[in-house]
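# Coordinates in review
Listed below are the residues making up each chain.
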Amino acid sequence: MVDYLRQIWDVDSLSPHGICLLWRPELVWTHALSDLLIGLAYFSIPVALGVFVMRRRDLAFSWMFWCFVFFILACGTTHFMAIWTLWVPDYGAEAVLKVVTAAASVATAVMLWPLLPRALALPSPEALRAANRELATRVAERDAALDALRRETAERLKAEEMLRQSQKMEAIGQLTGGVAHDFNNLLTAVGANLERIERQAEDGSSIRRSARSATAAVERASKLVRQLLAFARKQPLDPRRTDVNAAVENLSDLLDRTLGAGIRIELAPRSGPLFAQVDTNGLESAILNLAVNARDAMPTGGVLRIETGTLRADGGDADLPAGDYVTIEVSDTGSGMGPEIASHAFEPFFTTKEVGQGSGLGLSQVWGFVKQSSGHVTLRSAPGEGTCVRIILPVAEPDRAPASEPAAEPALGAAPRIALA
Ligand SMILES: Nc1ncnc2c1ncn2[C@@H]1O[C@H](COP(=O)(O)OP(=O)(O)OP(=O)(O)O)[C@@H](O)[C@H]1O
Ligand SMILES: [Mg+2]
């Protein structure tokens, strides 16, 4: 082997390649220039490949590119060597260079072929783009499904909250109704006996004075009981065909006097008469109740607006069976309510007023009255943005005879819907 290498390196007896070309310049220089260009190109390609592989760290089979780099560099060097041997017969060095190039070529070829199926199995850019598009569609579908789920959950939570509120109002209503009914009977007996004592007692006697003040207390208690019965939907009502616009108009003088000078009253009746099937007195006292609440919420003045209108329910709302309704909106520009107060406002005895200023029965009375009238009531309010209470009552049929019997008690009343602006 050593001999073999020594012989390869022994170039003394050899002549340069140019001699084979008889030193014909056109041949020598064509060979030289071509080999030079090929060599330079061969050297520039590995540089580009190297930069590419280094920049694209995610490249699959990057080691194969390094094989190409080495193989192409070796090929390029053989061309430079070919120029050299035109003039210098270093055929031993050229042979060693060719051996190295052959080894690099064979190794690259051997490694390349088994790689081919795996390289072909890689997704093409078009396949990647299609996969991306598919992925984007799936993500959009998932986002839409998530949004729908979120909406559904929110709606369910809202429905559950309304159901809870409605069950609470129903339970309080039943309890209140029962207690108020029994109290009413007791008060009737107490009142009748006090009246008898008062009649039998001498004029100006202390017994008569005591009996009179006891009777006054019984009357106050009876008023309270009536309010409780109204909330429990058990007050005697006389629903009849009532022109809501006329009822509001009739109230305007009383409202002027009750609300005082600092509050501007705006009436916005829908044009023409607007008939609802409702107890007229009950409706007027409900509107008055709401107006008094509005006044209390506007201690420094403001605007009270009463607007009437119509509404057609399609039955999609559980609180409002399909049909035509008359609406009365009482809104103010007062202090408004936060969610916590609003969620309790219709409960009996709930008040934020000072002791002795309010009994907390105003809104509960309105609620009981509207429910007993087969209607519905909603509340929209936000702190600092005023309050709007909307009473919704069934429209009176034109040909319906005025009813003289009390309205049938509606099915379990739903809680007033409370919307917070
Ligand atoms: N228009 C309104 N603006 C702001 N808060 C209101 C309004 N109406 C009602 N409220 C709130 O709801 C609570 C309950 O009202 P409700 O009418 O039932 O009782 P009240 O006004 O306190 O007492 P009263 O029995 O004398 O009417 C009030 O104390 C108040 O906090
Ligand atoms: Mg009130």
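The structure presented is a predicted model; accordingly, all values stated were derived computationally and were not measured.

## Concerning the overall build of the protein chain
Helix and strand counts for the protein chain stand at 11 helices and 8 strands. The C-alpha radius of gyration computed for the protein chain amounts to 50 Å, which surpasses the reference 22 Å derived for 421 residues by more than 25%, pointing to a less compact arrangement than a globule. Structurally, the protein chain occupies a C-alpha span of about 165 × 45 × 45 Å along its principal axes. By the burial criterion, 26% of the 421 residues in the protein chain qualify as buried. Look at the contacts in the protein chain between residues 6 or more apart in sequence, and 75% of them connect residues 24 or more apart.

## Looking at the site of ligand 1
If you check the shell around ligand 1, you find 22 residues, and the closest are N293, A297, T351, G358 and G362. Those elements that provide at least two residues to the shell around ligand 1 are α9 (280–297) and α11 (362–372).

## Considering the environment of P398
With respect to the helices, strands and loops of the structure, P398 is situated in the loop between β7 (387–394) and β8 (417–420). In this structure, the C-alpha to C-alpha distance between P398 and A276, residues 122 residues apart in sequence, is 9.9 Å.

## Here we look at the environment of D279
Within the element layout of this structure, D279 appears in the loop between β3 (275–278) and α9. Sequence separation between D279 and M111 is 168 residues; the distance between their C-alpha atoms is 98 Å. Not counting the four nearest positions on each side in its chain, D279 is found in contact with L237, D238, P239 and S373.

## As for the domain arrangement of the protein chain
Taken domain by domain, the protein chain consists of domain 1 (2–122) and domain 2 (235–420). Computed from C-alpha atoms alone, the centre-to-centre distance between domain 1 and domain 2 is 98 Å.

## Some remarks on the packing of helix α8 (residues 244–259) against α9
Running from amino to carboxyl end, α8 crosses α9 at an angle of 35 degrees, the nearest separation of the two axes being 10 Å. In this structure, α8 meets α9 at a crossing whose hand is right-handed. Together, A247, V248, L251, L255, T258 and L259 of α8 and T280, L283, E284, I287, L288, A291, V292 and R295 of α9 make up the contact between the two elements. Grouping the constituent residues of the contact of α8 with α9 by class yields 10 nonpolar, 2 polar and 2 charged.

Criteria and cut-off values
- Residues numbered from 1 in each chain as written.
- Chains lettered and ligands numbered in written order.
- Predicted model: local features only at pLDDT ≥ 70, side-chain atom pairs only at ≥ 80, totals over all residues.
- Helix = DSSP H or I, 4+ residues; strand = E, 2+ residues; numbered from the N terminus.
- Rg over C-alpha atoms; globule rule 2.2 N^0.38 Å.
- Buried ≥ 20, exposed ≤ 12 C-beta atoms within 10 Å, placed from the backbone.
- Contact = placed C-beta atoms within 7 Å.
- Near = placed C-beta within 6 Å.
- Domains from an automatic or database assignment.
- Axes fitted to C-alpha atoms, helices over the stretch in contact; angles between N-to-C directions.
- Left-handed = near helix turned anticlockwise from the far one by under 90°.
- Nonpolar A, V, L, I, M, F, W, Y, C, P; charged D, E, K, R; others polar.

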